[in-house]
Amino acid sequence: MAGWYILLVLTGIFFLAVQFVLLPKILVRLRYGAVPPRGRGRETLRESDGKSVLYDAPSDVSHVIPQYTLSERNGEKRLQCRVSANVRAISYDVALFNRYGEVFKVLNVRKDAVNSGYTGEIALPPETEYISIYLPAAKGVRRGISAPSGKIPKVRFLIYITVFVLSVFLSVCLMRISVAHIFGGLYAEGFLMSGYFGSVLSTSLVVVAADILFALILFKVKNRKRRRDRHAKH
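This is a predicted model, so every value here is computed, not measured. (Residues numbered from 1 in each chain as written. Predicted model: local features only at pLDDT ≥ 70, side-chain atom pairs only at ≥ 80, totals over all residues. Heavy atoms only, no water.)

Participant: Would you take a moment to explain the overall build of the chain for this structure?
Facilitator: Within the chain one finds four helices and nine strands. For the chain, the share of sequence-separated contacts (at least 6 apart) that also reach a separation of at least 24 residues comes to 59%. (Helix = DSSP H or I, 4+ residues; strand = E, 2+ residues; numbered from the N terminus. Contact = heavy atoms within 4.5 Å.)

The structure is reproduced here in structure tokens:
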């Protein structure tokens, strides 16, 4: 009997991990993929109202953007790039990383005018920890590595969703088996044989649909809050 309790507890832990760890990771990785951090910190300047960190840009963009600065003053984070002397306007993409090393957003900066060798400052979301800069294809500019597009690859989406659905189905199966043996006693086998597969399948589908709906609502609410916070600052 103790074994069924242990199985129920372990299955419950696995089920919660699928809901609150696997699904959010899937949604983040499907959107932007795993992108390594870019740039190398060169110097940190601490000021009364915050700090600025100077980065050397990676080699694939350094011929146009040799350095960039991430500053945080009065709780606001900003990006400014130093560009080559012959550049008067520039277009570039910026991947934003959070503290977990995940890309949560990509900014597409188009036709940023250059003044005295520097671009204008760009406001960044407060959760930005570091960034990665990419140059799109342009006349007279050597193309570097492409920025994450944010588009979901269909094949990878199907693979991840299949794994997620099977994980939920397995969790529901094991929990039903455990509950049947804990509370069913001598009638456990009869309880399991009575419409077992159909009830497990329907329960799993309801759970999956509820999970996906909840995740979409959560992301919409979070994005709305980000936009509201950003407008409040301006």
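Participant: Got a minute to help me understand the packing of aromatic side chains in this structure?
Facilitator: Any pair of aromatic rings gets described here by the distance separating the centres and the angle formed by the planes. Enumeration over the complete set of coordinates arrives at two aromatic pairs. Centroid distance Tyr55 to Tyr68: 5.2 Å. Interplanar angle 10 degrees. Geometry classified as stacked. Within this pair, whereas Tyr55 is found in strand 2 (residues 50–56), its partner Tyr68 is found in strand 3 (residues 67–73), the two being separated by 13 residues in sequence. For Tyr55, a relative accessible area of 14% puts it in the buried group. Seen in terms of ring centroids, Phe97 and Tyr130 are 4.8 Å apart; in terms of plane orientation they differ by 20 degrees. Their pairing is stacked. Taken together, the residues Phe97 in strand 5 (residues 89–97) and Tyr130 in strand 9 (residues 130–134) connect sequence positions 33 residues apart. The partly exposed category is assigned to Tyr130, whose relative accessible area is 25%. (Phe/Tyr/Trp six-rings, centres within 6.5 Å; stacked < 30°, edge-to-face > 60°. Buried < 20%, exposed > 50% of the residue type's maximum accessible area, 1.4 Å probe, protein only.)

Participant: Honestly, the pattern of salt bridges in this entry has me stumped. Any pointers?
Facilitator: Any two side chains of opposite charge can pair, so long as their charged atoms come close to each other. Inspection of every chain in the model, using the stated rule, returns two salt bridges. A salt bridge links Asp93 to Arg110; its shortest N-O distance comes to 3.0 Å. Taken together, the residues Asp93 in strand 5 and Arg110 in strand 6 (residues 103–115) connect sequence positions 17 residues apart. Residue class for Asp93 comes out buried when judged on its relative accessible area of 9%. (Salt bridge = Lys/Arg side-chain N within 4 Å of Asp/Glu carboxyl O.)

Participant: Help me understand the pairing of strand 3 in this model?
Facilitator: Within a regular beta strand, the side chains point alternately toward one face of the sheet and then the other, so they alternate between its two faces. Sheet topology places strand 2 next to strand 3; seven bridges connect them, and they run antiparallel. Pairing of Gly50 across the sheet is with Arg73, part of strand 3. Bridge analysis of strand 3 against strand 4 (residues 76–82) gives seven bridges, and the strand direction is antiparallel. Across the sheet, Arg73 pairs through a bridge with Glu76, a residue of strand 4. Joining the antiparallel neighbours strand 3 and strand 4 is a turn of two residues, in which Asn74 adopts a positive phi near 55 degrees. (Pairing = 2+ DSSP bridges.)

Participant: Teacher, can you tell me more about the nonpolar core here?
Facilitator: What tends to happen in soluble globular proteins is that the nonpolar side chains get buried as a cluster. By size, the foremost hydrophobic cluster in this structure holds 25 residues, and its most contacted members are Ile65, Tyr68, Ile90, Tyr92 and Ile131. When contributions to this core are tallied by element, the ones reaching two or more residues are strand 2, strand 3, strand 4, strand 5, strand 6, strand 8 (122–124) and strand 9. Listed in part, the eight residues of the second largest apolar core include Val18, Val168, Val172 and Val207. (Core = buried A, V, L, I, M, F, W, Y, C linked by side-chain atoms within 4.5 Å.)

Participant: So what exactly am I meant to see when it comes to unusual backbone geometry here?
Facilitator: The bulk of non-glycine residues show a negative phi, and the bulk of peptide bonds are trans. Of note, Asn74 is a non-glycine position whose phi angle comes to about 55 degrees, a positive value. Relative to the helices and strands, Asn74 resides in the loop between strand 3 and strand 4. For Ser116, which is not a glycine, the phi torsion comes out positive at approximately 55 degrees. Positionally, Ser116 belongs in the loop between strand 6 and strand 7 (118–119).

Participant: Would you explain a nonpolar patch on the surface in this entry?
Facilitator: A surface patch of nonpolar side chains, about 390 Å² in accessible area, is lined by Ile6, Val9, Leu10 and Ile13. Inspection of the secondary structure assignment puts Leu10 in helix 1 (residues 2–32). Residue Leu10 is classed as exposed on the basis of its relative accessible area, which comes to 53%. (Patch = residues over 30% accessible without salt bridge, like charges linked within 9 Å, V, L, I, M, F, W, Y side chains within 5 Å. Areas by Shrake-Rupley, 256 points an atom, 1.4 Å probe, with all protein chains shown as cover.)

Participant: Sorry if this is basic, but what is going on with the confidence of the model for the chain here?
Facilitator: Low-pLDDT portions of the prediction should not be read for the details of their coordinates. Here the chain averages 76 in pLDDT, and 71% of its residues register 70 or above. Across residues 138–143 the pLDDT falls below 50, and counting only partners more than four positions away or on other chains, this stretch makes eight contacts in the model. (pLDDT = per-residue confidence, 0-100.)

Participant: What should I look at first to understand the side chain of Thr119 in this one?
Facilitator: Secondary-structure assignment places Thr119 in strand 7. You can call Thr119 buried: its relative accessible area is 3%. Not counting residues up to four positions away in its chain, the partners in contact with Thr119 are Gln80, Cys81, Val83, Ile90, Tyr92, Asp112, Ala113 and Val114.

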